[in-house]
Amino acid sequence: NRTLSYALIISVSLSIVTSSLVYANANTISLAVLKNTECTPLLQLLCFAIPFVVFKAIINSFFLGKNEPKYQGITQLFEQIIRISSAAFLAYFLVKTTRNARLAVVAVVIGELSATILTTFFYFIDRKRNTISKKNKNSDNNNQSFTIIRNNLSACTYKTVAKAYINDAIPMSVNSFIFALFSSFEAVLLPNVLYAHYDDKTFAMEIFGIVTGIVLP
């Protein structure tokens, strides 16, 4: 739980800083990278989803570490259902005059928020279940287990623990970084190539949405 708390504090803090920077420089990013200033409000809306994405990822990693991947699967399914349902609700009931990409981005934010709430709910249920199971154990076995754990911890130095964390963290972080890097290349290069071919920013972004939303999956 202490490791989880540290991970949440560090990651969520960094995500808030990143969201603030992207929000403040959304126009520059849209103009220099995406070559379309119409993406500025979409980037700013997506910034609100970044902390929720990070928070949810940390909790899901916690469950994966406990060999309980079912919570991540349920959360992903719930997120997709909420995202599609909210997009349909906004399109057909609230916004009947102008239906544009902002509806989809708002639906993404709503989906991430809902999934984060569900993931947090699962965490508190798991924490309560563990508390009850600990109380039901025999006190002698608990004392013996705590003694063993305390002796093992006392035998470990900070250097040993840090080395173990680094050995696991570096390959996973590099793998995630490479995956995000190539995904970013795809998101940047495809619109630019389409724009160079069609010479129409709006049509190029429409084709890009069709390609990434239908063809690539």
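Since the model is a prediction, treat every value here as computed from it, not as a measurement.

Draft legend 1. Structural view of helix α4 (residues 50-65). A rise of 1.5 Å per residue sets the reference length of α4, with its 16 residues, at 22 Å; its end C-alpha atoms lie 23 Å apart and thus fit the reference within 8%. If you check which residues of α4 are buried, you get Pro 51, Lys 56, Ile 58, Ile 59, Asn 60, Phe 62 and Phe 63.

Draft legend 2. Spotlight on the environment of Val 12. By the secondary structure assignment, Val 12 is in helix α1 (residues 2-24). Sequence spacing of Val 12 and Val 53 is 41 residues, and the spatial spacing of their C-alpha atoms is 9.3 Å. Not counting the four nearest positions on each side in its chain, Val 12 is found in contact with Ala 7, Val 54 and Phe 55.

Draft legend 3. Geometry of the packing of aromatic side chains. Taken as a whole, this structure holds 7 aromatic pairs when the rule is applied. Taking 6.0 Å as the distance between ring centres and 75 degrees as the angle between the ring planes, the aromatic pair formed by Tyr 23 and Phe 48 counts as edge-to-face. With a gap of 25 residues between them, Tyr 23 in helix α1 and Phe 48 in the loop between α3 (40-47) and α4 connect regions that are remote in the sequence. Tyr 23 sits in the partly exposed class, given a relative accessible area of 40%.

Draft legend 4. Layout of the confidence of the model for the chain. Averaged over all residues, the pLDDT of the chain is 79; the fraction at 70 or higher stands at 80%. The spread of mean pLDDT over the elements of the chain runs between helix α7 (residues 139-155), the lowest at 49, and α3, the highest at 90. Under a pLDDT of 50 for its full length, residues 138-143 has, in the predicted model, 2 contacts with residues more than four places off or in other chains. Overall, residues 145-150 carries pLDDT values under 50, and its contacts beyond four positions in sequence, including any with other chains, amount to 0 contacts.

Draft legend 5. Highlighting the packing of α1 against α4. Contact geometry of α1 with α4 gives a least axis separation of 8 Å together with a crossing angle of 160 degrees. For the element pair α1 / α4, the angle class is roughly antiparallel. Between α1 and α4 lies a crossing of right-handed hand. Contacts between α1 and α4 pair Leu 4, Ala 7, Leu 8, Ser 11, Val 12, Ser 15, Ile 16 and Ser 19 from the former with Ile 50, Pro 51, Val 54, Phe 55, Ile 58, Ile 59 and Phe 62 from the latter. Here the residues of the contact of α1 with α4 are counted per class, giving 12 nonpolar, 3 polar and no charged.

Draft legend 6. Up close: the nonpolar core. In this structure, Leu 4, Leu 8, Ile 58, Ile 59, Phe 62, Phe 63, Tyr 71, Leu 118, Phe 122 and Tyr 123 together form the largest nonpolar core, which totals 10 residues. Going through the elements one at a time, α1, α4 and α6 (101-136) are the ones with two or more residues in this core. No other element matches α4, which puts 4 residues into this core. Non-local contacts of Leu 118, meaning those with residues more than four positions away in its chain, are made with Ile 74, Thr 75 and Phe 78.

What counts, and where the lines are drawn
Residues numbered from 1 in each chain as written. Predicted model: local features only at pLDDT ≥ 70, side-chain atom pairs only at ≥ 80, totals over all residues. Heavy atoms only, no water. Helix = DSSP H or I, 4+ residues; strand = E, 2+ residues; numbered from the N terminus. Expected span 1.5 Å × (residues − 1). Buried < 20%, exposed > 50% of the residue type's maximum accessible area, 1.4 Å probe, protein only. Contact = heavy atoms within 4.5 Å. Phe/Tyr/Trp six-rings, centres within 6.5 Å; stacked < 30°, edge-to-face > 60°. pLDDT = per-residue confidence, 0-100. Axes fitted to C-alpha atoms, helices over the stretch in contact; angles between N-to-C directions. Parallel < 35°, antiparallel > 145°, perpendicular 65-115°, else oblique. Left-handed = near helix turned anticlockwise from the far one by under 90°. Nonpolar A, V, L, I, M, F, W, Y, C, P; charged D, E, K, R; others polar. Core = buried A, V, L, I, M, F, W, Y, C linked by side-chain atoms within 4.5 Å.

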